[in-house]
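Breakdown of the fold
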Amino acid sequence: MCGIVGTTWTNPLWAVDLQTLERMTAQLVHRGPDQSGTYLNDAVALGHRRLSIIGIDNGRQPITNEDGSVVIIFNGEIYNYLELRQRLIGGGHRFVTNTDTEVIVHLYEELGVEAFTELNGMFAIAIWDARRSQLVLCRDRLGVKPLYYYATDDRLVFASELKGIVALGDVPKRVSPMAIDAYLTFQYIPHPMSIYEGIAKLSPGTYAIWHNGAMEIRPYWSPDFNREDNNVTEGEWSERLTDLLTDAVKLRMQSEVPLGAFLSGGIDSSIIVGLMKEVSNSSVHTFSIGFPIAEFDETGYARSVAQHLGVNHEVFIVEPRAIDILPQLVWHFDEPFSDSSAIPTWYVSQLTKQHVTVALTGDGGDELFAGYHRYQAIKVAQAIQQLPGFVRSFLGAHFWQQLPVSPYKRSFLRRLKRFLGIVNQSPCDLYFAMLATFNAADHLSLYTDEYAKAVGLFDSFDYIREAMGKSNYRDLVTSSTLTDLTTYLPCDLMTKVDIASMAHGLECRQPFLDFRVVELAAQIPLKYKLARGRTKRILVDTFRRFLPKEVQTRPKMGFGVPIVHWLRGPLADFSRDVLTDSRTVQRGIFLPKTVKALLDDHIGGRQDNANKLWALLVLELWQREWIDV
């Protein structure tokens, strides 16, 4: 696992020297604390920071082919590299390392950009093809690894993190009003946008070719999300799932350094750890994090699973201090990012790194097997939409308003109330309502007139509509799960895990996101995933042997911190000071009276505005870190 940076140019004015390249590369030292490498000629500059996992002794990058005409820097892991290596050796290729990186080089020699379809892994790749005078970028299918780029008609700059591009010194940092609008909606900035105009994220499952000043981006993986196979029995699905997920876990346990797993005590991570135990010849080391607030502590479930499976389990209890950790998060994430679960992810990565260098996780299970509460709510709301209009109006105006509200924003009833309060909207709008931190009406009341004009007619939900269009012929719940898989998962969950883990030199691997598992799960009918109020039904039934009874039936808890309480307690004065002082107001983005009302209502206990205030607070702190310099 590593960090990559680089630039290529057609105009000599943009040529960089070794000192500049090393400055860019140094910005990513946390991603690769073990080694540094560079490649520089009159047309391209490539920099690499290495976290040694495979081929520790001879895997320094950049790596070239036999004649030096293909040069690669690479961030990630190719899990099927041994199989590909044997095939390439049989075809006459000569290897000088035992790394997965060199496999990509020779596979590119053999197949060109078609090589990417052969790779099973997580990756961000940059290849300089000297014969064609072109630079090729590629990102893995599910967007596990990040890749940013800045392209003009005479140069291309790229990096694993924005700070690598910014370090070049002459790339403009113009904050995009549309990116801020999208951030306030989703908590993250969706691909291909970035916070800066002109800098983009390469979308998952795509590659880009930059040649003579022209940038061409093409998809290389796009599963058929409209395919649903009803001719396969539940037992057959279960057998296929067992075989594929077991192999995915086995492949991801290849490592020359200590390896373990995150174990939350939820269904997904418990299954991954159970499979690790089955395929491993040695003991399995697992890690979980707990908080001294019962509503946010899962360690009891994690201990139960660890005891059930007989694994070596470590529990870390921490008292998160948001004021201390926020500056670190803002610096590492580069862009505004307000998913507060980044905080526990940061802590568990930091503490896990003290014991291992690689950790397997259960990420992806919720999206693939309908695990989120919102999928249950969508199904219930669809049923209500079949009722006569006057009944729906009564339910929306009266009955559902009486449902209790959880102060922790975790209960199914709270989400159901929010959802069913708009029962007269279209199914698509119902789903949108579950995703938004600030909805369209909130934005109108939040922006100054000048900033509203800058945002213009931009609609952040066009991003979601486009993703949903890939599964037009599926039921709304399945369509929502597949939309989350291609939007929320790469832009929020994978960004969070990548940044928090790589900040501590820890590599995380996600067996559920093996593309073969994804393609299989996408075909499974909803009735095997969500039925009679049971989420992830086929997962639980297939891997029941790994799950204690209390885990099989436990409510989904999520991975969060008590920001509701922080913003009424230890962060109340801090957030008010930051969000209402002159420095913030003078930016001209938000109406001070609206921000003050959000603060007053939340701190006074009249309304839960925690997610909104957290988003505003992170945005302002980000501007102070990255813009006011």
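Okay, so let's go over this structure. Here the structure is a predicted model, which is why all the values come from computation and not from measurement.

Let's shift gears to the packing of aromatic side chains. For the coordinates displayed, the defined rule picks out 18 aromatic pairs. Ring centres 5.2 Å apart and planes at 75° place the aromatic pair Phe186 and Phe461 in the edge-to-face group. Pair noted here: Phe186 is in helix H5 (residues 177-186) and Phe461 is in the loop between helix H17 (449-455) and helix H18 (462-468), with a separation of 275 residues, a long-range link. Of the two residues, Phe186 and Phe461, both sit in the buried class. For the ring pair Phe333 and Phe337, a centre distance of 4.7 Å and an interplane angle of 10° mean the geometry is stacked.

Two quantities define a packed helix pair, namely the angle between the helix axes and the distance between the axes. Where helix H2 (residues 81-90) meets helix H3 (residues 100-111), the axes come as close as 10 Å, and the angle between the chain directions of the two elements is 50°. Classified by the angle their axes make, H2 and H3 are oblique. The hand of the H2/H3 crossing is left-handed. Each of Tyr81, Leu84, Arg85, Arg87 and Leu88 in H2 lies in contact with H3, whose residues at this interface are Asp100, Val103, His106, Leu107, Glu110 and Leu111. In the contact of H2 with H3, the residues fall into six nonpolar, one polar and four charged.

What follows concerns unusual backbone geometry. Cis geometry is adopted by the peptide bond preceding Pro192, which originates at His191 and carries an omega value of 5°. With respect to the helices and strands, the residue Pro192 is situated in the loop between H5 and strand S10 (199-201). The backbone phi angle of Ser133 is positive, close to 50°, even though this residue is not glycine. Relative to the helices and strands, Ser133 resides in the loop between strand S6 (121-129) and strand S7 (134-139). Taking the relative accessible area as the measure of exposure, Ser133 reaches 41% and is therefore partly exposed. In this model, Asp334 sits at a positive phi of 70°, which is unusual for a non-glycine residue.

Okay, the pairing of S7 next. Along S7, six of the six residues are buried, which leaves the element largely enclosed by surrounding structure. The two faces of S7 match: Gln134, Val136 and Cys138 on one face and Leu135, Leu137 and Arg139 on the other face are all buried. In terms of strand pairing, S6 meets S7 through six bridges, oriented antiparallel. Paired with Ala126 across the bridge in S7 is Leu137. Turn length for the S6-S7 hairpin, with the two strands adjacent in sequence and antiparallel, is four residues, and the turn residue Ser133 shows positive phi of about 50°.

Okay, the sheet that holds S10 next. Pairing is antiparallel across the open sheet formed by six strands, whose spatial order is S2-S3-S1-S9-S8-S10. If you trace the sheet from one side to the other, it starts and ends with strand S2 (35-40) and S10, each paired once. Sheet twist, expressed as the average angle between the axes of neighbouring strands with direction ignored, equals 15°. As defined by bridge partners, strand S8 (residues 148-151) adjoins S10 across three bridges and the pair is classed as antiparallel. From the neighbouring strand, Tyr148 faces S10, where its bridge partner is Lys201.

This structure, assessed with the given rule, holds 37 salt bridges. Between Asp462 and Arg465 there is a salt bridge, with the nearest N and O atoms lying 2.8 Å from each other. On the criterion of helical spacing, the pair formed by Asp462 and Arg465 is a turn pair, its members being three residues apart in helix H18. Here Arg576 and Asp600 are joined by a salt bridge, their closest N and O atoms 2.9 Å apart. Note that Arg576 is positioned in helix H25 (residues 572-580) and Asp600 in helix H27 (residues 592-603), a separation of 24 residues in sequence. One salt-bridge network, held together by shared partners, links Arg31, Lys145, Glu161, Lys163, Asp334 and Asp498.

Attention shifts here to helix H7 (residues 267-279). Relative to the 18 Å expected for 13 residues at 1.5 Å per residue, H7 spans 19 Å between its end C-alpha atoms, a close match to the ideal helical length. Buried residues dominate H7, accounting for 10 of its 13 residues. Within H7 the residues assigned to the buried category are Ile267, Asp268, Ser269, Ser270, Ile271, Ile272, Val273, Gly274, Leu275 and Met276.

Calculation rules
Residues numbered from 1 in each chain as written. Predicted model: local features only at pLDDT ≥ 70, side-chain atom pairs only at ≥ 80, totals over all residues. Heavy atoms only, no water. Phe/Tyr/Trp six-rings, centres within 6.5 Å; stacked < 30°, edge-to-face > 60°. Helix = DSSP H or I, 4+ residues; strand = E, 2+ residues; numbered from the N terminus. Buried < 20%, exposed > 50% of the residue type's maximum accessible area, 1.4 Å probe, protein only. Axes fitted to C-alpha atoms, helices over the stretch in contact; angles between N-to-C directions. Parallel < 35°, antiparallel > 145°, perpendicular 65-115°, else oblique. Left-handed = near helix turned anticlockwise from the far one by under 90°. Contact = heavy atoms within 4.5 Å. Nonpolar A, V, L, I, M, F, W, Y, C, P; charged D, E, K, R; others polar. Pairing = 2+ DSSP bridges. Salt bridge = Lys/Arg side-chain N within 4 Å of Asp/Glu carboxyl O. Expected span 1.5 Å × (residues − 1).

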